[in-house]
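So the chains spell out like this:
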Amino acid sequence: MYANGDIVVGEVIGTALLVLFGAGVCAAVTLHHSKARGAGWVVIAFGWGMGVLAGAYASAPLSGGHLNPAVTLGSAVAGGTPWSKVPLYVLGQLAGALIGAVLAWALYYAQFAANDGRSGHAPQPTLGVFATAPEIRRPVANLVTEIIATTGLVLPLLFFGQNQGIGIGQVPGARVGVYGSGINVLLVALLVVGIGLSLGGPTGYAINPARDLGPRIAHALLPIPNKGSSDWSYAWIPVAGPLIGAVLSGLVYTAVF
């Protein structure tokens, strides 16, 4: 079982890497004066997937590399992660997401600073670099989208351990936690790419409360010129939807096994 301090440290490091890569690719594709501007949705999906790869591999030896409160909750419902450890995971994930968002802002500082309207381009809203927003704002439909997309992440992840003969939440010799084996970290990263390509169109596929909430807080606090609204009226959906999807995934897994 992972030590309490290791869980927090591992989740901070892993989630910070996840969000650094994810917010970084969103900044690269959307901000003016970026060499990757306009590269498109496929690049964004792969950027987030590689963020999962980097974050999970870095944090797996310390915490199992959940990186996502929905993953932690689904594992707890399925009987893997002890409920007493859940707050430690979530704390590390939220802190790491906030740190990763600040690092992405620092990396693209010049591009964000150029959003002042004096660089020859009109100022642009910047929330999309940090957090999600729906293409069509219909709360019920948006919530259902996040529930389904998160189930598409958490349920396969719970089954990965069974495919390797390792019960979810058990700690094998390699200490890779919920993934079952090292190669499954790569498979989860590709799964996230697939979710982005197939299921991400309606809402931007938060599928992770920390990934959305931490960077949204960073967006609200950071001194970004003309940054626009942080859209707090929508912020509950990318939190509630993934958590509901996680509970459903854990219940399905428990029913099957």
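Located above this text is the structure these notes cover.
Quick caveat, the model's predicted, so the values are computed rather than measured. (Residues numbered from 1 in each chain as written. Predicted model: local features only at pLDDT ≥ 70, side-chain atom pairs only at ≥ 80, totals over all residues. Heavy atoms only, no water.)

**Considering the overall build of the protein**
This is how the line gets drawn: In this text, helices come from DSSP runs of H or I with a minimum length of four residues, and strands from runs of E with a minimum of two, each type numbered from the N-terminal end. Per-residue accessibility, obtained with a 1.4 Å probe over protein chains only, is compared with the maximum for each type, and a residue is labelled buried under 20%, exposed over 50%, and partly exposed between these values. Residue contacts are counted whenever heavy atoms from the two residues lie within 4.5 Å of one another. Computed with the Shrake-Rupley method and a 1.4 Å probe, the accessible areas treat only the protein chains shown as cover for residues.
Scanning the protein from terminus to terminus reveals 10 helices and 0 strands. From first element to last, N terminus to C terminus, the protein shows the α and β order α-α-α-α-α-α-α-α-α-α. Split into buried and exposed, the 257 residues of the protein put 53% on the buried side. Counting contacts in the protein only where the partners sit at least 6 residues apart, residues at least 24 apart contribute 79% of the total. If you sum the accessible surface of the protein, you get close to 10300 Å²; carbon and sulfur atoms cover 70% of it.

**Observations regarding the nonpolar core**
We count it as follows: As used in this record, nonpolar core signifies buried Ala, Val, Leu, Ile, Met, Phe, Trp, Tyr and Cys residues forming a set joined through side-chain atoms within 4.5 Å.
Membership of the largest hydrophobic core comes to 32 residues, with the highest contact counts inside it found for Ile-44, Trp-48, Leu-153 and Tyr-205. Elements that contribute at least two residues to this core include exactly α1 (4-30), α2 (41-63), α3 (69-77), α7 (139-163), α8 (182-199) and α10 (237-256). Aside from chain neighbours lying at most four places away, what touches Ile-44 is Val-25, Cys-26, Val-29 and Tyr-205. In terms of nonpolar packing, the next biggest core, distinct from the first, is built from 17 residues, Ala-23, Ala-27, Leu-31 and Tyr-108 among them.

**A closer look at the packing of α1 against α2**
The following threshold applies: Axis definition: a line fitted to C-alpha atoms, over the contacting stretch in the case of helices. Angles run 0 to 180 degrees between N-to-C directions. These descriptions rest on fixed angle ranges, namely under 35 degrees for roughly parallel, over 145 for roughly antiparallel, 65 to 115 for roughly perpendicular, and the rest for oblique. Helix crossings are classified by the rotation of the near helix relative to the far one: an anticlockwise turn of less than a right angle makes the crossing left-handed, while a clockwise turn makes it right-handed. Only Asp, Glu, Lys and Arg are considered charged in this grouping, and only Ala, Val, Leu, Ile, Met, Phe, Trp, Tyr, Cys and Pro are considered nonpolar; every other residue, Gly among them, is considered polar.
Packing of α1 against α2 leaves a shortest axis separation of 8 Å and a crossing angle of 165°. One element, α1, and the other, α2, form an angle in the roughly antiparallel class. Both α1 and α2 take part in a crossing whose hand is right-handed. Here the residues of the contact of α1 with α2 are counted per class, giving 19 nonpolar, 8 polar and 2 charged.

**Looking at the packing of helix α9 (residues 209-221) against α10**
Running from N to C, α9 and α10 cross one another at 165°; their axes reach a closest spacing of 8 Å. For the element pair α9 / α10, the angle class is roughly antiparallel. Crossing of α9 over α10 shows left-handed handedness. Across the interface between the two elements, Pro-209, Asp-212, Leu-213 and Arg-216 of α9 pack against Pro-238, Val-239, Pro-242 and Leu-243 of α10.

**With respect to the environment of Ala-240**
Mapped onto the elements of the fold, Ala-240 is located in helix α10. Looking at Ala-240, the relative accessible area reads 24%, which means it is partly exposed. Sequence separation between Ala-240 and Glu-146 is 94 residues; the distance between their C-alpha atoms is 8.4 Å.

**Quick notes on α10**
Put simply, the rule is: Helix span, expected: 1.5 Å multiplied by one less than the number of residues in the helix.
Along its 20 residues, α10 runs 28 Å from first to last C-alpha, staying within 8% of the 28 Å computed at 1.5 Å per residue. All buried positions along α10 are accounted for by Ile-237, Pro-238, Gly-241, Pro-242, Gly-245, Ala-246, Ser-249, Gly-250 and Tyr-253.

**Quick word on the pattern of salt bridges**
Heads up, the rule is: Criterion for a salt bridge: a side-chain nitrogen of Lys or Arg within 4 Å of a carboxyl oxygen of Asp or Glu.
Summed over all chains, the structure comprises 3 salt bridges. For Arg-118, the salt bridge is made with Asp-116, and the minimal N-O distance between the two is 2.8 Å. You can call Asp-116 partly exposed: its relative accessible area is 27%. Notably, a salt bridge pairs Arg-137 with Asp-231, separated by 2.6 Å at the nearest N-O pair. Linking Arg-137 in the loop between α6 (127-130) and α7 with Asp-231 in the loop between α9 and α10, this pair joins segments that are 94 residues apart in sequence.

**Some remarks on the packing of aromatic side chains**
Formally: For Phe, Tyr and Trp, rings pair up if their centres lie within 6.5 Å, where Trp contributes its six-membered ring, and each pair is then called stacked (planes under 30 degrees apart), edge-to-face (over 60) or tilted (otherwise).
Using the criterion set out here, one finds 6 aromatic pairs in the structure. Judged by centre distance (5.8 Å) and plane angle (70°), the rings of Trp-41 and Tyr-205 are edge-to-face. In this pair, Trp-41 sits in helix α2 while Tyr-205 sits in the loop between α8 and α9, placing the two residues 164 residues apart along the sequence. In this structure Trp-41 comes out as partly exposed when scored by relative accessible area, which is 36%. Ring geometry for Trp-105 versus Tyr-109: centroids 5.5 Å apart, planes at 80°, classification edge-to-face. Ring pairs connect the aromatic residues Phe-159, Tyr-253 and Phe-257, which therefore count as one cluster.

**Re a nonpolar patch on the surface**
Test applied: Patch membership requires over 30% relative accessible area and the absence of a salt bridge. Like charges are linked within 9 Å, and nonpolar side chains (Val, Leu, Ile, Met, Phe, Trp, Tyr) within 5 Å.
On the surface, a nonpolar cluster with roughly 430 Å² of combined accessible area is contributed by Tyr-57, Ile-183, Leu-186, Leu-187 and Leu-190. Looking at where Leu-190 falls in the secondary structure, it is placed in helix α8.

**Some words on α3**
Rules: For this analysis, a polar contact is any N or O atom pair within 3.5 Å, provided that within protein one partner can donate a hydrogen and the other can accept it, and provided that sequence-adjacent residues contribute only side-chain to side-chain pairs.
When you tally the buried positions in α3, you get 8 out of 9 residues, the bulk of the element. Taken together, the buried positions of α3 are occupied by Pro-69, Ala-70, Val-71, Thr-72, Leu-73, Gly-74, Ser-75 and Ala-76. The distance from a side-chain oxygen at the start of α3 to the backbone nitrogen of Ala-70 is 2.8 Å, and the residue carrying that oxygen is Asn-68. Residue Gly-79 follows α3 closely and has a positive phi angle near 95°.

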